[in-house]
Structures are given as C-alpha cells and as structure tokens.
Amino acid sequence: MHTIDMDLVEMTLDVMKYTIDRISNVTPELGSPKKEEDLLRMVGETITPEGIGGENAFKLFRDVLVKATVPIDHPRHLAFVPAAPTRAAIMFDLVTSASSIHGAYWMEGAGGIFCENQAMKWLVSLTKLPKGAFGVFTSGGTAANLSALVTAREAWRDEKPEFARERALLLTSNGAHSSIKSMAKVMDADVILIDSEDEYLSGADLKKTIDGLSIQDRNRLFAVVATGGTTNAGIIDDLKTIASICEDEKLWFHVDCAYGGGALAADSVRHLFEGIEKADSITIDPHKWLFSPYDCGAVIYKNLELAKKAHSQKGAYLEIFKDEGAQGFNPADYQIQLTRRLRGLPLWFSLAMHGTNKYKRAIERGIELAQIAAEKIKANDKLELVRPASLSVVLFKRKEWSAEDYRDWTYKNHREGFALVTPSLWKDESVIRFCFINPDTTEEDIDKILKTLE
Ligand SMILES: *Cc1c(COP(=O)(O)O)cnc(C)c1O
C-alpha cells in the first residue's frame, strides 16, 4: 500500500492539479445537495475488496461528488458564517498532512507546536489578557467552549468543595450560540438564558439575574458566558460591565468570540471589545474570520494552570510525555482532545507569509462590506434595514414578504448556483442575513444579490 507505484503517481498529479485549479478559482461552482440514493446511482459503491483505483475514485469526487457541495469561500456565500481560507493556509494544510506530526505532546510535535504557539501568541496579544495567558488550537468553537467551561467548572469545584455535589449552573444571554447550551448538556450543567433586549447582554441585566437567583442556584452558579459578536447579529455584549460583575461575584468570565474574534484585529471596532482583557477564557475560531481552513478553533485562558488541572490526561503509556526530557508545551493538557492534528499550522504559515497587517485589512474589508450593504439597503425602498450593520453582519427585510417568500428566494438562488444567502429571525420576525467574511466579495456581488429582491 505504501510503495510508490504508477497509480500513486497518477493520483498525486490529479490531486495537485485539482488543488491548484481549485485554489486559483475565485468563483467555484456553487453546488447543491442531492439525495443520497441519487449520488449512489451516479457513482456506485466505492468501497470494494480490490479498490476502485485512485484515478477512478478521484474522478468520481471531482466530477460528481464535490458538485453536490457548497464552496464556503464563494464570494456570494453570505449565509451562516462563511469562510475564505487563504491560499497559503490551504497549501500548508496539505503540508501539515504530509508531515504526519502528532500534535498532542511536545516530545513528538515540538517544531510544529512551536509554529502553532507563534500564531497563538499573536491571538493572545489581540485579547490584551495579562502576561501568562495562553491557549491552544481546537477543532472549533464548540470544542473550545467545552474546554473552557469544563476548566471553569473544575476550578469552581476545587474552590468550593462544599458544593461539589451540586449540579453546576451557568448564565448567558439569549444571543449566545447554540453550542453553549449544547455543551452544558454534555457537562450535565444547567443554563439560564438572560432575556436581554436586542440580544445584548449588559452588566445590569446580569446583576439583576444574579440577585434574583435562589440561594441554592446562587451556590451552584460557576460561570458567565458573554458573546463577542453574536452569530446572528454580530452584537458584542457589554464586556466591561459584565467583567466587573463577574469580578465582584467571583464568577468565571468566558467570552465566546468564535465568530467575532477576528475583529479583535480590526482597529475600527476593537474598542467594542473593551473588557475582554478581564476574561478567564476566550474562544476564537480562526476557521471563521481568520481565514484558516476547517477545522481550527482556539481556546485561550488567563490561567493556563487551571486548564491543565482540568484536562491533563493520565495513563501508564502517557507518563513519558510528562518527563523532563520531553519538556515543553503539551497541547493535550489544555483542551478535551488527546491525539490532535496540528490544526494551527496552516494559520501560522499564512500569518508568517502575509504578516498581520494584511489580516487586519482583510477583516476591515468584511466590516466595510457590511456597511456598504447597509447603505444600499437603506437606499432601496423595497427593503428595510432592521438594525445597523454590526461587525460584518447585516439584517434586513424585504417589505411585504412572508417567511415562505424568504425561503423560496433562498432556494431559488441556491438552485441556480447564484448565491447562498439564508433567512434568519430578528425579534421573532423573518429577516435576510448577510455575513461577510470573504474580502473578495465585491460591491457588484451585493448589487446582484439585492437585485434578486426586486
Ligand atoms: C460558530 C460559533 C460557535 C461554534 O463554533 P464551531 O467552530 O462551529 O464549533 C460558537 N460560538 C459562536 C459565537 C459561533 O459563532
């Protein structure tokens, strides 16, 4: 299987050609899904005792299967949180795979972990957390949030052993990402969603909620999760006042910036994140607004030792990694995963190649595109901007449209391979949501999409 044969050479050439073509193509075909039985009819069974051959399998992928996917970097993909990995990062993703490095322990991964840590150092500097703060790359925001919250819960139990048998409780807002509720379920913790106006959590709302808790609930409260850029509307909670309540109440302060984290690098909006430097932990997804390929999240801690206490795995065959001779930074100690890909490497290479200023400019462009789109929407009498653009998100309505109209419009654009823009809700009403990430999206792309709403 590992000897070099002609089939392998052919396959390698096919893969390299495809990769180069794909990353040079700035408007890849916007595919749409097909039913599984249709795909099976088109390609047949692909796993057989003898194998179907690399060239053949690759052809099926290239000519059929990839066409049933949506390229998230399409300039008119403005749904959910799109992505736009840099070419440098994509190429280095191939290098990361080819290098076969185990990313859990310094003993095996030192050189690669060094690179990840260089990129992490820049991320940490954006947060302005105090000296000693540091983090690790995870599979995404969900894993980062879970890693941070488990650390918080363990620290709370260590500090308050008298409540160790209590079910843990955390507070967040109705604008928080679904992964917070979902990861609380994994931890078997309870969540109270603070129903704040306009999905914006303030210190006053937080204080009112804490003061309204029963003594039992107050005793099992261990953390507050604020959002640094809600996924739906790009809203940044009042981190400064929330931080000060958390400090007074001795609660873990986690800031989920999975989507918004890239904007920490944008001078035009950095002030909105004031207070983040007081966080105990922060989530940032480089695979969202820092142009990394999937999957790459990051969790950053003010006190790294607490993460180690919560996550360091023990086992007879792992003890060697804790040995003097293997000393160094062990990413496995600070998040939920053991064996891991060096998923921060593509980000490192791209940052090293381009420099951080280029990143700043690309992020500012996303913010600018949202402002431009908002202006165009305001000037169009068929459309109504429901709130000012926030970070790179724009929410607006097509006057007189029902939820069905929005849905049909979304499907039509997708079916035609023109754009992927999806509806959302704002104050229980249907809206259209634009989320800009790709700096190569043009004003003309925005105009073309708005034209389909006439
Ligand atoms: C996307 C997102 C998450 C989840 O991150 P994944 O990388 O999808 O796991 C969590 N929080 C926020 C605010 C997000 O935008």
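Each chain carries its own residue numbering, running from 1 in the direction its sequence is written. Restriction of local features to residues with pLDDT of at least 70 applies here, the model being predicted, together with a cutoff of 80 or more for giving and counting side-chain atom pairs; totals for whole chains, interfaces and linings are based on all residues. Side-chain figures throughout are based on the complete set of non-hydrogen atoms in the structure, without hydrogens or water.

*Asks:* I'd like to hear about the overall build of the protein chain, residue by residue, with values.
*Replies:* Helices and strands together make up the secondary structure of the protein chain, namely 16 helices and 11 strands. Within these notes, the globule rule equals 2.2 Å times the number of residues to the 0.38 power, and the radius of gyration is based on C-alpha atoms. Against the 2.2 N^0.38 benchmark of 22 Å for 454 residues, the protein chain shows a C-alpha radius of gyration of 23 Å, consistent with a compact globule. Carbon together with sulfur atoms contributes 53% to the accessible area of the protein chain, which is approximately 21,400 Å² in total. In the protein chain, 55 side chains carry a positive charge and 66 a negative one; their mean positions are 2 Å apart. For the purposes of this entry, the term helix denotes a DSSP run of H or I that reaches at least four residues, the term strand denotes a run of E that reaches at least two, and both are numbered from the N terminus. Where accessible areas are quoted, they stem from the Shrake-Rupley method and a 1.4 Å probe; at the residue level, only the protein chains shown are allowed to cover. Residues scored as charged are limited to Lys and Arg (positive) and Asp and Glu (negative), so that His and the chain ends carry no count. Every charge is mapped to an atom, namely NZ of Lys, CZ of Arg, CG of Asp or CD of Glu.

*Asks:* Outline the site of the ligand, supporting the account with residue identities and numerical values.
*Replies:* Only heavy atoms are used to decide nearness, and a residue is near a molecule or strand if one of them lies within 4 Å of it. Around the ligand sit 13 residues, and of these T142, T231, D256, D285 and K288 come closest. Within 3.5 Å is the distance limit for a polar contact, defined as a pair of N or O atoms, with the added protein rule that one can donate a hydrogen and the other accept it, and that residues adjacent in sequence qualify only through two side-chain atoms. Between the ligand and G141, the relevant distance is 2.8 Å, taken from an oxygen atom to a main-chain nitrogen or oxygen of the residue. Between the ligand and T142 there is a distance of 2.6 Å, counted from an oxygen atom to a side-chain nitrogen or oxygen. Notes on the ligand: free accessible area 380 Å², of which the protein chains cover 86%. Among the elements of the structure, α6 (141–159) and α11 (286–289) are those that each provide at least two residues to the shell around the ligand. Here the shell around the ligand gets three residues from one element, more than from any other, and that element is α6. Here the shell around the ligand is built from residues that sort into two nonpolar, eight polar and three charged. Three classes are used: nonpolar for Ala, Val, Leu, Ile, Met, Phe, Trp, Tyr, Cys and Pro, charged for Asp, Glu, Lys and Arg, and polar for all others, with Gly counted as polar.

*Asks:* Tell me about the sheet that holds strand β4 (residues 221–227), and please be specific about residues and values.
*Replies:* Spatially, the seven strands line up as an open sheet ordered β1-β7-β6-β5-β4-β2-β3, and their pairing is mixed. Unpaired on one side and paired on the other, β1 (134–138) and β3 (190–194) mark the two borders of the sheet. Neighbour-to-neighbour, the strand axes of the sheet open up by a mean angle of 20°, direction not taken into account. In this analysis, strands are considered paired if DSSP registers two or more bridges between them. Comment: axis = line fitted to C-alpha atoms, over the contacting stretch for helices; angle = value between 0 and 180 degrees taken between N-to-C directions.

*Asks:* Provide a residue-level description of the nonpolar core, including the pertinent values.
*Replies:* Nonpolar side chains in soluble globular proteins tend to be buried together. Only buried residues count toward a nonpolar core. Its members are Ala, Val, Leu, Ile, Met, Phe, Trp, Tyr and Cys residues joined through side-chain atoms within 4.5 Å. Each residue is placed in one exposure class: buried if its accessible area under a 1.4 Å probe, protein chains only, is under 20% of its type's maximum, exposed if it is over 50%, and partly exposed if it falls in between. Within the largest apolar cluster, 97 residues are counted, with the highest numbers of intra-cluster contacts made by L123, L206, F253, F273, I282 and W289. Residue contacts are counted whenever heavy atoms from the two residues lie within 4.5 Å of one another. In this structure L206 touches L171, I194, L201, V224, I242, I245 and C246, once residues within four positions along its chain are discounted. One finds A389, W409, F434 and L453 within the second-largest nonpolar core, a separate group that totals 23 residues.

*Asks:* I'd like a rundown of unusual backbone geometry, residues and numbers included.
*Replies:* Put simply, Y294 and D295 share a cis peptide bond, and its omega is -10°. With respect to the helices and strands, D295 occurs in the loop between α11 and β7 (297–301). A positive phi angle, close to 50°, is found at F80, a residue other than glycine. Structurally, F80 can be placed in the loop between α3 (54–65) and α4 (87–99). The class of F80 is exposed, set by a relative accessible area of 52%. Of note, the phi angle at K250 is positive, near 55°, even though the residue is not glycine. If you trace the backbone, K250 turns up in the loop between α10 (239–249) and β5 (252–257). We classify K250 as exposed; its relative accessible area is 66%.

*Asks:* Any details on the pattern of salt bridges? Residues and values, ideally.
*Replies:* Each salt bridge in this description consists of a side-chain nitrogen of Lys or Arg and a carboxyl oxygen of Asp or Glu lying within 4 Å of one another. Using the criterion set out here, one finds 29 salt bridges in the structure. For K207, the salt bridge is made with E249, and the minimal N-O distance between the two is 3.6 Å. Pair noted here: K207 is in helix α8 (residues 203–211) and E249 is in helix α10, with a separation of 42 residues, a long-range link. Of the residues examined, K207 reaches a relative accessible area of 31% and is grouped as partly exposed. Look at E249 and you get buried, because its relative accessible area is 18%.

*Asks:* Could you give an account of the UniProt feature "modified residue: N6-(pyridoxal phosphate)lysine" (unreviewed entry) in the protein chain, with specific residues and numbers?
*Replies:* UniProt positions are given in the numbering used here, feature names are shortened, and annotations may be inferred rather than shown by experiment. When the UniProt feature table is mapped to this numbering, "modified residue: N6-(pyridoxal phosphate)lysine" (unreviewed entry) covers K288. As for its placement among the helices and strands, K288 is situated in helix α11. Of the residues examined, K288 reaches a relative accessible area of 14% and is grouped as buried. Every residue in contact with K288, bar those within four places of it in the chain, is listed here: V81, P82, A83, A258, Y259 and I437.

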